[in-house]
Amino acid sequence: MKKQNLSRNLRLMCRILASVMLISALGVPMLALTAHAEDIPADDEYEAKKKAYREKIMADDVTSDDLLIGSWVTFYSFEKDSYEYQLDQMAAAGINFNIFPKDFGSGNMFDAAYWEDVEAQYAKRNMVYIMNGSMSESHIAPGLEYAAGKEHCIGYHVVDEPTADKFPEIARLVNIYREGDETRYPLINLFPSYAPTWALGGTYKEHVSNFVQTVGAENIDYLSHDYYPFRDGGVILNDIFADMEVLRSVAYENGKLKTHAFPQSTAWNGTRMPTENEMRWNVYGYLAYGFKALSWFNLVCPGSSDTEGEGFRDSLIYRDGTIRDPELYAAWSELNWEIRGLSDILMNLDTAHAYHMDRKAAGVEHLPDDFFIQSSGGRKDYIISVMEPKEGEDHYIMIFNKNTKKDEMTSKFTVDLSGDVKWLEYFDPFIGEYIPVEIKDGVMEETFRAGEGRLYRLRTDEPPVETEAPTEAPTEAPTETPTEAPIEAPTEVSTEAPTDEPKPSKGCGSTIGYGAGIVLSAAAVMLKKKKKKE
C-alpha cells in the first residue's frame, strides 16, 4: 500500500507540473494551487515513463479505431484568439476529436476551401472531425463531395435528439449517406431517459431499440446519447447508470456497436459546473459501460450571454476565451490524457456486464453473490465491469468507484483464485505498464481516487515468483579479526526466477470459464473443483 500511495502522490505531482507548464504556455493567468509540488517525493523514473508514454500517444495516428475525446461547443471568437491557437490549446489538453471542427451548428456546409483548411489544420495536430450536416437531403451531396479524400474526416453529423417519429426519415437519409460513402458514419445523438414520453415514443429501452431497428445496426458506427447529471444544489442524478445500461445492452445485442456520450462540463439553467472528482466519475462511468467516444458538453460556454436561451453561464472556457478556473481546467486536461492512455486496451474490449455492488441501484445489473470478486469491507460504492476481448484472449475487469465525495478511498475485496484466474495485473494509464496486484490470503486492497475506474487484466497462468533479497551483512564490526580474507559479496543480485519455474504468458489464455453468461463466476469455479475430485 505504501508503494501505491506513493505512486498516487507522484501522479498528483506530475499533474500539477504538467498543469503549470500547459497553462503557462497558453498564457492563462495563474491562480495559487492548493497542493505543493515540493511536498511530494520525486520519482524521476516514473515521470520519465509518463513522459515517454505521453509522447507515444501523441505520435500515434488518431482514427475512429481510437478512443475519441472531443467537445460539442468548442470554439470562442476567432477575433479573440485565432483558429490555429484554439486548436493548439485543445490538442495540448488531450482533445483528439470534434463534432463541429470549426464553426458550430448544423446545416452549414460552407465551401470546398473551408473544408480544405479544416483538413489541413486537423492533420497538422493529429485530430479527427465530423462534417457539419443536418436532416436536409440537400446537404448530403455537397457533404460527400467535400469529405472525399479527407483522411481526418470520419463522419457526418445529421441530427441531435430527434423524436421517435423522425426515425424513418433518419433511416432514409442514413441510407443515402451510406450509399455514397461506406467509409464514414452519420452521427445521430439520442435523447436521455428524462425526455418526455411523447418524444421517446415509449420506454427508454424501447426508444433506443426502435432507433437501431429502424436505422439498421449495420448503418450505425456509434450509438450515441446524452445525459447531464450535475444539478443545482449539489445533486447528482444517479439514474444515469440506467441509461448507460440501456445503451450498453442494446449496442452489445446488436453486433457490439460502439457507443458515444456527452460528459458534462458546463452549467446552465438547473445545472452546475461539476468538480474534478465528478468529471472523473462521469467519464469513468461511461468507460465502465464500454463507451468508446466522449464529447464534453462543452469546452466553451455556449451562447452570447448568461441570460438568453437556456442560460448557459459557465464552462471550462468562458465564451470570451478566459479560463476562470485554471486548476479545474488543468485537471480536466490531465484526465483526457489519462483516458487516452487506456485507448489501445479499451478499444479491443466489450463490456458484457456492468455489475453494481449496491443492490439499491435501479435499472442496472447487480453483482452476483457467486462472482469471484466481492467486497470485503462492506463498501458498496463500486461497479465491476466484465470486459471481453474482440481479438486475442486477454479478459479484463474494471472496478469503478462511484463515490465522488472522498478524494481517495481504500477498499478491500475478496478474490477467489481457486478457479481459472490465478492473479491480476493493474494497467497504469499514465505510463502504459501492467503492475501485478498484491493479493494476501485471498484479499486485495486497492486505493481509488474519487470517481476512478481501475482496469485489471485477468491472468490464468501461474503468477511470477518473487525473489527474496539476500540477508544483509551485520553492521557491527566483528569482535575478533578473522585470520582469513572475507569472501566478497556478489556485486549483482539475480532477480530471475529459476529456469524450472513456469513463466507467465502474455495474456489470460483461453481457459477462462463462463457460466450462465457470467464470466469467471464461482459456479464455474465449483464445477472445476468437482471435476478434479472425480
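The rules behind each value
Residues numbered from 1 in each chain as written. Predicted model: local features only at pLDDT ≥ 70, side-chain atom pairs only at ≥ 80, totals over all residues. Heavy atoms only, no water. Helix = DSSP H or I, 4+ residues; strand = E, 2+ residues; numbered from the N terminus. Contact = heavy atoms within 4.5 Å. Salt bridge = Lys/Arg side-chain N within 4 Å of Asp/Glu carboxyl O. Buried < 20%, exposed > 50% of the residue type's maximum accessible area, 1.4 Å probe, protein only. Pairing = 2+ DSSP bridges. Axes fitted to C-alpha atoms, helices over the stretch in contact; angles between N-to-C directions. Parallel < 35°, antiparallel > 145°, perpendicular 65-115°, else oblique. Left-handed = near helix turned anticlockwise from the far one by under 90°. Nonpolar A, V, L, I, M, F, W, Y, C, P; charged D, E, K, R; others polar.

Chemist: Just to check I follow, could you spell out the side chain of Glu119 for this structure?
Modeler: Structurally, the position occupied by Glu119 is in helix H4 (residues 112–124). Ignoring sequence-local partners within four residues, the contact set of Glu119 consists of Tyr129, Lys150, Glu151, His152 and Cys153.

Chemist: Is there a simple way to explain the pattern of salt bridges in this structure?
Modeler: When the charged atoms of two side chains with opposite charge come close together, those side chains can pair. Within this structure, the stated rule accounts for 33 salt bridges. Here Lys49 ties to Glu45 by a salt bridge, and the two come within 3.6 Å at their closest N and O atoms. Of this pair, Lys49 and Glu45 are both found in helix H2 (residues 44–59), four residues apart, which corresponds to roughly one turn of the helix. By relative accessible area, which is 53% here, Glu45 ends up exposed. Residue Lys150 pairs with Glu116 through a salt bridge whose shortest N-O separation is 3.3 Å. Of this pair, Lys150 sits in the loop between helix H5 (140–147) and strand E4 (153–160) while Glu116 sits in helix H4, placing them 34 residues apart in sequence. Looking at Glu116, the relative accessible area reads 47%, which means it is partly exposed.

Chemist: Any chance you could explain the sheet that holds strand E18 (residues 408–415) here in plain terms?
Modeler: Working definition: the strands of a sheet are paired by backbone hydrogen bonds and lie parallel or antiparallel to each other. Read from one edge of the open sheet, four strands run E15-E18-E22-E21, paired in antiparallel fashion. Two strands close off the open sheet at either side, each with one partner strand: strand E15 (373–375) and strand E21 (439–440). By the bridge criterion, seven bridges tie E18 to strand E22 (residues 443–449) in an arrangement that is antiparallel. Residue Thr414 lies in a different strand from E22, and its bridge partner there is Val443.

Chemist: Would you explain the packing of helix H9 (residues 240–253) against helix H10 (residues 276–288) in this entry?
Modeler: Running from N to C, H9 and H10 cross one another at 30°; their axes reach a closest spacing of 10 Å. Taken as axis vectors, H9 and H10 run roughly parallel relative to one another. The crossing of H9 and H10 is right-handed. Of H10, the residues touching H9 (which contributes Ile240, Phe241 and Met244) are Trp281, Asn282, Gly285 and Tyr286. The class makeup of the residues in the contact of H9 with H10 is five nonpolar, two polar and no charged.

Chemist: Which parts of the structure should I look at to understand unusual backbone geometry?
Modeler: Leaving glycine out, the prevailing phi sign among residues is negative, and the prevailing peptide bond configuration is trans. Each neighbour pair has its own omega, and for Phe297 with Asn298 the value is 5°, a cis peptide bond. For Asn298, the location among the structural elements is in the loop between strand E11 (293–296) and strand E12 (314–315). Although it is not a glycine, Asp441 sits at a positive phi angle of roughly 55°. Here Asp441 is to be found in the loop between E21 and E22.

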